[in-house]
Amino acid sequence: MRIEHLRQRLQALGANPRHQQRVLRLWSQALPQTSGRRQIEHFLPAALVAELPAIAQELAALATLESQHPGEDGSARLLLKLADGQMAETVLLPRDGVCVSTQIGCAVGCVFCMTGTTGLIRQVGSAEIVAQVALARSLRPVKKVVFMGMGEPAHNLDNVLEAIDLLGTVGNIGHKNLVFSTVGDPRVFEALPQGRVKPALALSLHTTRADLRAQLLPRAPRMSPEELVQAGEVYARTTDYPIQYQWTLLDGINDTEEELDGIVRLLTGKFAILNMIPYNTVPELPFKRPSEDKAISIARRLHQRGILTKLRQSAGQDVDGGCGQLRARAEKPGRKVIALRVG
């Protein structure tokens, strides 16, 4: 379901724009449709009042909790069942954040990502995206939404932007607390500045070498690292908010001296934050996680060279922390998979 389809349904029941916003606001904030001091019969159209219980039930059924996996870091991995039976993953993050999925599967095929091994199965509708936030809010407060779960948001741009618009208005999420994550797509840099809600932007960089990037992200748009950073810088200056560059540390691959020099060359003077995330080793894949000492040393050295660098850990690593793996385990219960979705 798309939010626009929901609006059309409400309009057919006599709801004016103000009535529609009320229904969407209460739903996106996980509040009952009967909330408020006044009885809804006193100000909503009778046809809408009659249908509200059924509508609320349908919205709740867009994403239902299949299983919950709390982590020691305060996060929780949620496996959700969508109305058609497909499984999606949502992550409750520490400090009132939630990470949502925008696709079932992914077409980018990042070679170190579990989600991409299935290919793209289907898009997640804008209402299904908001439903993930609403479900999360029924469990704990949510002040930040990160579009960094299963899928590539740029490949489902209309649905993602529709969800961002709702969450950044009646959904009561600050615009810079909506984080759009992408491997880089020219359409993103054209579309995001035009919206009334302009989210923060996270760009999956992972390497400063165009040839290596083509190997790691085989079906990503062919933007070179230089082109990606240039487009990111324009958006950062337009929105007055730094770009978050994502870099998954792969031992012996993108943690070399050449790469460190390339990072300094690309990001010096840029309005940017570099998030480095040590890879979670997957037995089936030929990549390894660098040692903790090595990762700390890399982040420290980059910081000393003027690059604002944050060494981060994927939330919920102790509960198979990485988008795509809970779904993989649900489909193949006997298989334990550990992976990190990085773009």
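Residues numbered from 1 in each chain as written. Predicted model: local features only at pLDDT ≥ 70, side-chain atom pairs only at ≥ 80, totals over all residues. Heavy atoms only, no water.

A. Broad picture of unusual backbone geometry. Although it is not a glycine, Arg 95 adopts a positive phi angle of roughly 65°. Looking at the secondary structure, you find Arg 95 in the loop between strand 3 (87-93) and strand 4 (97-99). A residue is classified by how much of its surface remains accessible, and Arg 95, at 76% relative accessible area, is exposed. For Asp 240, which is not glycine, the phi torsion reads 60° and is therefore positive. (Helix = DSSP H or I, 4+ residues; strand = E, 2+ residues; numbered from the N terminus. Buried < 20%, exposed > 50% of the residue type's maximum accessible area, 1.4 Å probe, protein only.)

B. Highlighting helix 8 (residues 225-239). The end-to-end C-alpha separation of helix 8 is 21 Å, in line with the 21 Å expected for 15 residues at 1.5 Å each. Among all positions of helix 8, only Pro 225, Leu 228, Val 229, Ala 231, Gly 232, Glu 233, Tyr 235, Ala 236 and Thr 239 are buried. The secondary structure elements touched by the buried residues of helix 8 are helix 6 (186-191), strand 9 (200-204), helix 7 (210-216), strand 10 (243-249) and helix 9 (257-267). Looking one or two places after helix 8, you find Asp 240, whose phi comes out positive at around 60°. (Expected span 1.5 Å × (residues − 1). Contact = heavy atoms within 4.5 Å.)

C. Region of interest: helix 9. Turning to helix 9, its buried residues number three or more, namely Glu 259, Leu 260, Gly 262, Ile 263, Val 264, Leu 266 and Leu 267. Here the buried face of helix 9 lies against helix 7, helix 8, strand 10, strand 11 (272-278) and helix 10 (292-304).

D. Up close: the sheet that holds strand 3. Pairing in this open sheet of ten strands is mixed, and the strands run 1-2-3-4-7-8-9-10-11-12 from one edge to the other. Looking at which strands have only one partner, the edges of the open sheet turn out to be strand 1 (63-70) and strand 12 (309-311). In this sheet, neighbouring strand axes are inclined to one another by 25° on average, regardless of whether the strands run parallel or antiparallel. As paired strands, strand 10 and strand 11 are joined by seven bridges and run parallel to one another. Bridging from a neighbouring strand, Thr 248 pairs with Ile 277 of strand 11. In this fold helix 3 (residues 46-61) packs onto strand 1 and strand 2 (76-82), with an angle of close to 40° to the strand it touches most, strand 1. (Pairing = 2+ DSSP bridges. Axes fitted to C-alpha atoms, helices over the stretch in contact; angles between N-to-C directions.)

E. The arrangement of the packing of helix 1 (residues 3-12) against helix 3 in detail. One can describe the packing of helix 1 onto helix 3 by two numbers: an axis separation of 11 Å at closest approach and a directional angle of 160°. When the interaxial angle is binned, helix 1 and helix 3 end up roughly antiparallel. For the pair helix 1 and helix 3, the crossing hand works out as right-handed. Between helix 1 and helix 3, the contacting residues are Leu 6, Arg 9 and Leu 10 on the first element and Leu 48, Glu 51, Ile 55, Glu 58 and Leu 59 on the second. Looking at side-chain class alone, the contact of helix 1 with helix 3 contains five nonpolar, no polar and three charged residues. (Parallel < 35°, antiparallel > 145°, perpendicular 65-115°, else oblique. Left-handed = near helix turned anticlockwise from the far one by under 90°. Nonpolar A, V, L, I, M, F, W, Y, C, P; charged D, E, K, R; others polar.)

F. Summary view of the environment of Lys 143. Tracing the chain through its elements places Lys 143 in the loop between helix 4 (126-137) and strand 7 (144-147). With a relative accessible area of 55%, Lys 143 lands in the exposed category. Taking C-alpha positions, Lys 143 is 17 Å from Arg 77, a pair spaced 66 residues apart along the chain. Look past the residues within four positions of Lys 143 in its chain and what remains in contact with it is Asp 96, Ile 173 and Asn 177.

G. Seen up close, the layout of surface pockets. In this structure, the second largest pocket spans a volume of roughly 230 Å³. In this structure, the second largest pocket is lined by 14 residues; those nearest its centre are Trp 27, Ala 30, Leu 59, Ala 60 and Ala 134. Going through the elements one at a time, helix 2 (17-28), helix 3 and helix 4 are the ones with two or more residues in the lining of the second largest pocket. In terms of residue class, the lining of the second largest pocket is built from twelve nonpolar, two polar and no charged. (1 Å grid on protein atoms, 1.4 Å probe; cavity = no way out; pocket = protein on both sides within 12 Å on 5 of 7 lines; lining within 4 Å. Points joined across faces, edges and corners; volume = space filled by probe spheres on them.)

H. Looking closely at the confidence of the model for the protein chain. Residue-level pLDDT values for the protein chain average 90, and 91% of them are 70 or greater. A low-confidence stretch, residues 333-343 stays under pLDDT 50, and its non-local contacts, those more than four residues away or across chains, total 48 contacts. (pLDDT = per-residue confidence, 0-100.)

I. Just the nonpolar core, in detail. Formed by 79 residues in total, the largest nonpolar core has its most connected members in Trp 27 and Val 145. With eight residues, the top contributor of residues to this core is helix 4. Ignoring any residue separated from it by four or fewer positions in sequence, one finds Val 145 in contact with Val 98, Val 100, Val 133, Leu 167, Ile 173, Asn 177, Leu 178 and Val 179. (Core = buried A, V, L, I, M, F, W, Y, C linked by side-chain atoms within 4.5 Å.)

J. View of a positive patch on the surface. A contiguous patch of positive charge on the surface is contributed by Arg 95, Lys 144, Lys 310 and Arg 312. Of note, Lys 310 is situated in strand 12. Among the residues examined, Lys 310 registers a relative accessible area of 35% and is labelled partly exposed. (Patch = residues over 30% accessible without salt bridge, like charges linked within 9 Å, V, L, I, M, F, W, Y side chains within 5 Å. Areas by Shrake-Rupley, 256 points an atom, 1.4 Å probe, with all protein chains shown as cover. Salt bridge = Lys/Arg side-chain N within 4 Å of Asp/Glu carboxyl O. Lys, Arg positive; Asp, Glu negative; His and termini not counted. Charge placed at Lys NZ, Arg CZ, Asp CG, Glu CD.)

K. Quick look at the pattern of salt bridges. This model, assessed by the stated rule, comprises 16 salt bridges. Among the ionic pairs, Glu 58 bridges to Arg 9, the shortest N-O distance being 2.6 Å. With Glu 58 in helix 3 and Arg 9 in helix 1, the pair connects residues that are 49 residues apart, well separated along the chain. Classification of Glu 58 by relative accessible area gives partly exposed; the value is 36%. A salt bridge links Asp 211 to Arg 209; the shortest N-O distance between them is 3.0 Å. Judged by relative accessible area, which is 26%, Arg 209 ranks as partly exposed. One network of salt bridges, in which partners are shared, links Arg 9, Glu 51 and Glu 58.

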